[in-house]
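Working through the structure, step by step
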Amino acid sequence: MLSADLLTEHRERIERSPDLRALLATLARRVAPLRAACPAPPAHKALLSVDGGVCGEHGIPLAFDPFRADAHRCPECGRAHTGERHARAWAKHQHLWLAERGGDFAALAAFADDEDAARRAAGILDAYGERYLELPNEDNVLGPSRLFFSTYLDSVWLASFLTAAQLLRETGRLEDATAEAVSRVADEAANLIGEFDEGFSNRQTWHAAALAAVAVWFEDEELATRAIEGETGLLAHLARGFGPDGMWYEGENYHLFALRGLLTGLRWARLAGVDALEDDVLAARLLAALRAPALTALPDFTFPARKDSRFGVSLAQPMYLELWEVGLGLLRERGRDEDALADWLAALYAAPAPRAQTFESYLHEAHLPADGPTRSRADLGWWALLDMPASLDGDAAGWRPGSVLLESQGLPILRRGAGPDARYASLECGPFGGGHGHPDRLHLTLFAGGVHRLPDPGTGSYVARDLFWYRSTLAHNAPRLDGAAQPEADAQCEAFAVEGDWAWARGRWAAVERTLVSAPDYLLDRVEVAGETEHLVELPWHFLDATALDAMEVTAPGRWEPAALEGAAAEFVDEVERFVPETEDARAPLRLAGPGLDVAMRFDGELLRARAPGLPGRGERPRFYLARARGRAVRIETVLGFAGPVELQPAGPTTAVHVAGRTDHHQPASDGWIVETAGGTVRLGGVRPPAKAFTPLFRKDRPLEVEGEAAWVAAPPALDGTLDGFDCGAPLRLDHEDQYRRSELPYEGPETFSAVACVNWSAGVLYLAVEVAKPELVLRPHDAPPLLLDNEPDDIHGDGLQLYLAEPGEGGAVAGLVVTPDPASDAVRARPVAGTAGDRIAAAGAWRETGGGYVVTLALTLPDDWPLEHGMALPFDLIVNEMRPGRQRRAGQLVWSGGSGWVWLRGDRQPRERFGLLRLG
């Protein structure tokens, strides 16, 4: 990542810097165990599965030890786990770790003239020159890959791999045979990465960075232009992937990952002759991207687990420290200083050292404990050695973030105080957040008194069943309507202001308005729903405490009795109880109290409590509370006190809060919020006009605008796996490349895989016949053992169909079915697609094998309230899955509505907006 001239300059820089010399010494200590014998690359491709790399008893990831390929220890019980699934889960981290060690050895060779290290680095490069092309590009989860199961991991790996090769080449230590091995790997990796353009994605930043590295390696100007300046290249991601407030649209976790990929790519871009930071606009955007996660950080220096983020991850982890070190170094190198970043870094280095964690893009500390009470600049990796400033002059005491609104995220943060005991409250407004977004608009996060009291749980494992809990509204401190999870919709931050010791914010989602007022010693929360339609309004409260699982208890007089909870995510909830107060006044205040927190709540409804999964990976089932009210006008008002008991007395639009011997009177105003206190009137303005949410530019495959016909039949067809009785005068054909969603291999043509369908109808029933041309069938038995690959239904990984219907008109119900032939009989199995009305459709039929494929015939009986009529345009889609022998995951699928694209991550889902139209004749 440095040219020969820059290497000479950098050696001198390291020699003058005690911090850089200490980091170079750290690299030498880390690789010392590998000098005697460096592990060979794993002989197998990594696999993503439910049970691989996880302790079956405790459900937590197994510890990664790069020196133990045969046994993998559970951190909880110490038991060593063995087997192919665990070995292939371990292989993911091992491939990445070895590439990093190649970077360590190459850096030592370049900056310490360590010839043995040069030989070790070359040995890793040679080993992958042999191994890379041996591993299969198949059964992937997200994009083509040989070493892994997703393309982005190949990109992360390749960036380290080529760094080692480049450093050796520029110091004259790369033999011709090793250079040829590197070129073979780089060429194949570039082909895989280059064909899988993900548009605007955190992963695409890494794809672009890896392609920029390949361009530098081969001195390929055309590839460099595409990777750096192309439509989805590095500069486009910097300019349009990060919002005007600097935050990546998918939240902090993916912001930090995308930022690392971007900074990695900018280094390669500079070697290719493009210095993005010479542009004032791009430099300002990078500065904003570096500052954004510092502005949203919790008082304990963890980032909030918004959207699909991991919970409780410290920003003082070396992987994140490197981001600000490298970013600050790149900016200073171009005369663009930023004192606030230096102060932020100093504060992180002064914070208690977090335990070492394993990350896909940072494995430098694998199997090594974190030493010392705090982190230091010597704890980082070879990347920091290349770019961080020679010294850091920040002042930890100078980092004092205040209340702030991140406008493109729609995230108001109300802070009070400084240090680990500071108070932090935020309101989740803004855009949904793409594929990693959660249905949690107007979620309230609270950190106070050193405790993360109202957390966002984020997300744990993507392949565990509890993923669906953490992606539910009920798992958040967010309102839901009518028992359903919030739809994928945006919210608006309508007001934000700070006035001395006071601050406030107001957000709106659908018919729900939530107001948050931060006072010196309490927080007032008001949730309101008003309109012509009656709604069931539910507001969950997930209280945490550092000392007890169920610290918050209702102190109001009354009793608990058994109750039930229905609707979205109810499957994860048990021990549901309803509070029955002694007083007859349903609006009497409910009091909850726990260590350091007192809560008073008023609403016209009922309070429930239940148990559900706690924070990801902890195996606990703490209680949460649920305020529930029904009506056309609902208000749930809560005050959270931090300095003793609080009382709440609403009277019309005015709310009286009694705390610490005084009374504050709150009321909304046309231009904001007014608080009458003993010391005077506090006026909080900041009402904002409707804002257009920041949306990055996406490239999406476009569905075809297709229409088909369904003929009326007086008598039902035979439904015996033949076309007997069907009117096939208007067939639906699936035989074009632009109807094929592929995985690793492209469409081979209609002779190998195609389908033709005919749809008939009579009163309340659709009749469907699908004839599939496919020489070799791969059918999944209905009683086959579970694949345990992920959360997707196993039925999609076999030859079969996916059917979708929707009621005409906006907002009509959608029904989906997965239909699979039984290899042991002529029966078919129709399974409803989760989250659709497929369970309301009765499906019956049969299938039959033909000489070159199979035929499925079905009768779909619709509910009585879903009539079929002549001339109706029925939203409809048909998908035919393709499985091939020897694979674990499907190879592709034909989609009647078309649009081509990739099959990965689609599961059994098909968005309604992609359906075609079926006209009933």
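Quantities reported herein were computed from a predicted structural model and do not represent experimental measurements.

What about the overall build of the chain?
- Looking only at helices and strands, one finds 15 helices and 37 strands in the chain.
- A compact globule built from 921 residues would reach a C-alpha radius of gyration of about 29 Å, and the chain, at 30 Å, matches this within 12%.
- Its C-alpha atoms put the chain at 90 × 80 × 55 Å along the principal axes.
- Going through the 921 residues of the chain one by one, you find that 59% of them count as buried.
- Side-chain charges of the chain comprise 91 positive and 135 negative groups, with the mean position of each set lying 3 Å from the other.

As for the pattern of salt bridges
- As enumerated under the stated definition, the model contains 73 salt bridges in all.
- With a shortest N-O distance of 3.1 Å, D70 and R68 are connected by a salt bridge.
- On the basis of relative accessibility, which here comes to 38%, the residue R68 falls in the partly exposed class.
- A salt bridge links D550 to R611; the shortest N-O distance between them is 2.8 Å. Of this pair, D550 sits in the loop between strand 12 (522-541) and strand 13 (553-554) while R611 sits in strand 18 (residues 605-611), placing them 61 residues apart in sequence.
- Under the relative-accessibility criterion, D550 is labelled partly exposed at 22%.
- One network of salt bridges, with partners in common, ties together R480, E538, R559, E561, R578, E606 and R628.

A few points about the sheet that holds strand 6 (residues 444-448)
- Read from one edge to the other, the open sheet built from 5 strands follows the order 3-4-5-6-7, with strand pairing classed as antiparallel. Edge positions in the sheet fall to strand 3 (404-406) and strand 7 (451-454), since each of these pairs with one other strand and no more. Across the sheet, the mean angle from the axis of one strand to that of its neighbour is 15°, orientation sign disregarded.
- Note: strand 6 against strand 7, 2 bridges, orientation antiparallel. Looking at the pairing, A448 lines up with V451 of strand 7.

Here's the deal with the state of the cysteines
- Counted by the stated rule, this structure contains 1 disulfide.
- Free cysteine: C74, not disulfide-bonded; nearest cysteine sulfur from C55 at 3.6 Å.

Remarks on helix 4 (residues 115-131)
- Between the first and last C-alpha of helix 4 there are 24 Å, a value that for 17 residues agrees with the 24 Å anticipated at 1.5 Å per step.
- Those residues of helix 4 that fall on the buried side of the exposure criterion are A117, A118, A121, A122, I124, L125, Y128, G129 and R131.
- In this structure, the buried residues of helix 4 make contact with helix 2 (18-36), helix 3 (84-112), helix 5 (151-170) and helix 6 (176-195).
- You can read the cap of helix 4 off the contacts: a side-chain oxygen lies 3.2 Å from the backbone nitrogen of D116, and it is on D114.

Describing the side chain of R906
- With respect to the helices and strands, the residue R906 is situated in the loop between strand 36 (892-895) and strand 37 (916-920).
- According to the relative accessible area criterion, R906 is buried, its value standing at 18%.
- At 2.5 Å, the side chain of R906 forms a polar contact with the backbone oxygen of W902.

Structural notes on the nonpolar core
- Ranked by internal contacts, the top residues of the largest apolar core, which has 132 residues, are W157, L162, L286, Y320 and W324.
- With near-sequence residues (within four places) excluded, Y320 lies in contact with L256, F303, V313, S314, L315 and F359.

Things to note about the environment of S472
- With respect to the helices, strands and loops of the structure, S472 is situated in the loop between helix 15 (467-470) and strand 8 (480-481).
- Overall, the relative accessible area of 5% leaves S472 in the buried class.
- Along the backbone, S472 and F579 are 107 residues apart, and their C-alpha atoms lie at a distance of 24 Å.
- For S472, the residues in contact, after removing those within four places along its chain, are P439 and A569.
- In this structure the side chain of S472 is engaged in a polar contact, spanning 2.6 Å, whose partner is the backbone oxygen of W469.

As for the pairing of strand 36
- Of the two faces of strand 36, both are covered, the one formed by G892 and L894 as well as the one formed by Q893 and V895.
- Sheet analysis places strand 27 (residues 740-742) next to strand 36, joined by 3 bridges and oriented antiparallel. For R741, the partnering residue across the bridge sits in strand 36 and is Q893.
- Two elements, strand 35 (residues 873-882) and strand 36, share 4 bridges in a ladder whose sense is antiparallel. Bridge pairing links I879 to V895 in strand 36.

A word on the pairing of strand 9 (residues 492-499)
- As defined by bridge partners, strand 9 adjoins strand 10 (residues 502-509) across 7 bridges and the pair is classed as antiparallel. The residue bridging E499 from the neighbouring strand is W502, located in strand 10.
- Taken together, strand 9 and the strand that follows it, strand 10, pair antiparallel across an intervening segment of 2 residues, in which G500 is found at a positive phi of about 60°.

With respect to the packing of aromatic side chains
- Throughout the structure, instances matching the rule amount to 32 aromatic pairs.
- Taking the centre distance of 5.6 Å and the plane angle of 15° together, the rings of Y132 and W157 count as stacked. Here W157 lies in helix 5 and Y132 lies in the loop between helix 4 and helix 5, a separation of 25 residues in the sequence.
- Members of the aromatic cluster, connected to one another through ring pairs, are W541, F543, W560, F579 and Y625.

Looking at the sheet that holds strand 23 (residues 672-677)
- In spatial order, the strands read 20-21-22-23-24; together these 5 strands make up an open sheet with antiparallel pairing. Only two strands of the sheet have a single neighbouring strand rather than two, namely strand 20 (646-651) and strand 24 (680-684). Averaged over all neighbouring strand pairs, the angle between strand axes comes to 20°, with direction disregarded.
- Bridging between strand 23 and strand 24 involves 5 bridges; their strand directions are antiparallel. Its bridge partner being in strand 24, W673 is matched across the sheet by L684.

Some details on helix 13 (residues 339-350)
- Look at helix 13: 17 Å from first C-alpha to last across 12 residues, which is about the 16 Å you get at 1.5 Å a residue.
- Within helix 13, 9 of the 12 residues are buried, which leaves the element mostly enclosed by the surrounding structure.
- Of all the residues in helix 13, the buried ones are L341, A342, D343, W344, L345, A346, A347, L348 and Y349.

Quick notes on the environment of R611
- Classification of R611 by relative accessible area gives buried; the value is 14%.
- Linking R611 and R623, residues 12 residues apart in sequence, is a C-alpha distance of 4.4 Å.

Here's the deal with the packing of helix 5 against helix 6
- Contact geometry for helix 5 and helix 6: axes closest at 11 Å, N-to-C directions at 150°. In terms of orientation, helix 5 lies roughly antiparallel with respect to helix 6. The crossing of helix 5 and helix 6 is left-handed. Two secondary-structure elements touch here, helix 5 through T151, D154, S155, W157, L158, F161, L162 and A165 and helix 6 through V182, V185, A186, A189, L192 and I193.
- Taken together, the residues that form the contact of helix 5 with helix 6 break down as 11 nonpolar, 2 polar and 1 charged.

Some thoughts on unusual backbone geometry
- Residues other than glycine seldom take positive phi values, yet D139 does so here, at roughly 55°.
- A positive phi angle, close to 55°, is found at D482, a residue other than glycine.
- Within the secondary structure layout, D482 lies in the loop between strand 8 and strand 9.
- D482 gets classed as partly exposed once you look at its relative accessible area, which sits at 43%.

As for the environment of P75
- Counting through the fold element by element, P75 comes out in the loop between strand 1 (72-73) and strand 2 (80-81).
- Accessibility expressed as a relative area gives 47% for P75, which makes it partly exposed.
- On a C-alpha basis, the gap between P75 and P61 in space is 8.1 Å, while along the polypeptide they are 14 residues apart.
- P75 has contacts with I60, P61, L62 and A63, leaving out every residue within four places of it along the chain.

Rules and cut-offs
Residues numbered from 1 in each chain as written. Predicted model: local features only at pLDDT ≥ 70, side-chain atom pairs only at ≥ 80, totals over all residues. Heavy atoms only, no water. Helix = DSSP H or I, 4+ residues; strand = E, 2+ residues; numbered from the N terminus. Rg over C-alpha atoms; globule rule 2.2 N^0.38 Å. Buried < 20%, exposed > 50% of the residue type's maximum accessible area, 1.4 Å probe, protein only. Lys, Arg positive; Asp, Glu negative; His and termini not counted. Charge placed at Lys NZ, Arg CZ, Asp CG, Glu CD. Salt bridge = Lys/Arg side-chain N within 4 Å of Asp/Glu carboxyl O. Pairing = 2+ DSSP bridges. Axes fitted to C-alpha atoms, helices over the stretch in contact; angles between N-to-C directions. Disulfide = S-S within 2.5 Å. Expected span 1.5 Å × (residues − 1). Contact = heavy atoms within 4.5 Å. Polar contact = N/O pair within 3.5 Å; in protein donor to acceptor, adjacent residues only side chain to side chain. Core = buried A, V, L, I, M, F, W, Y, C linked by side-chain atoms within 4.5 Å. Phe/Tyr/Trp six-rings, centres within 6.5 Å; stacked < 30°, edge-to-face > 60°. Parallel < 35°, antiparallel > 145°, perpendicular 65-115°, else oblique. Left-handed = near helix turned anticlockwise from the far one by under 90°. Nonpolar A, V, L, I, M, F, W, Y, C, P; charged D, E, K, R; others polar.

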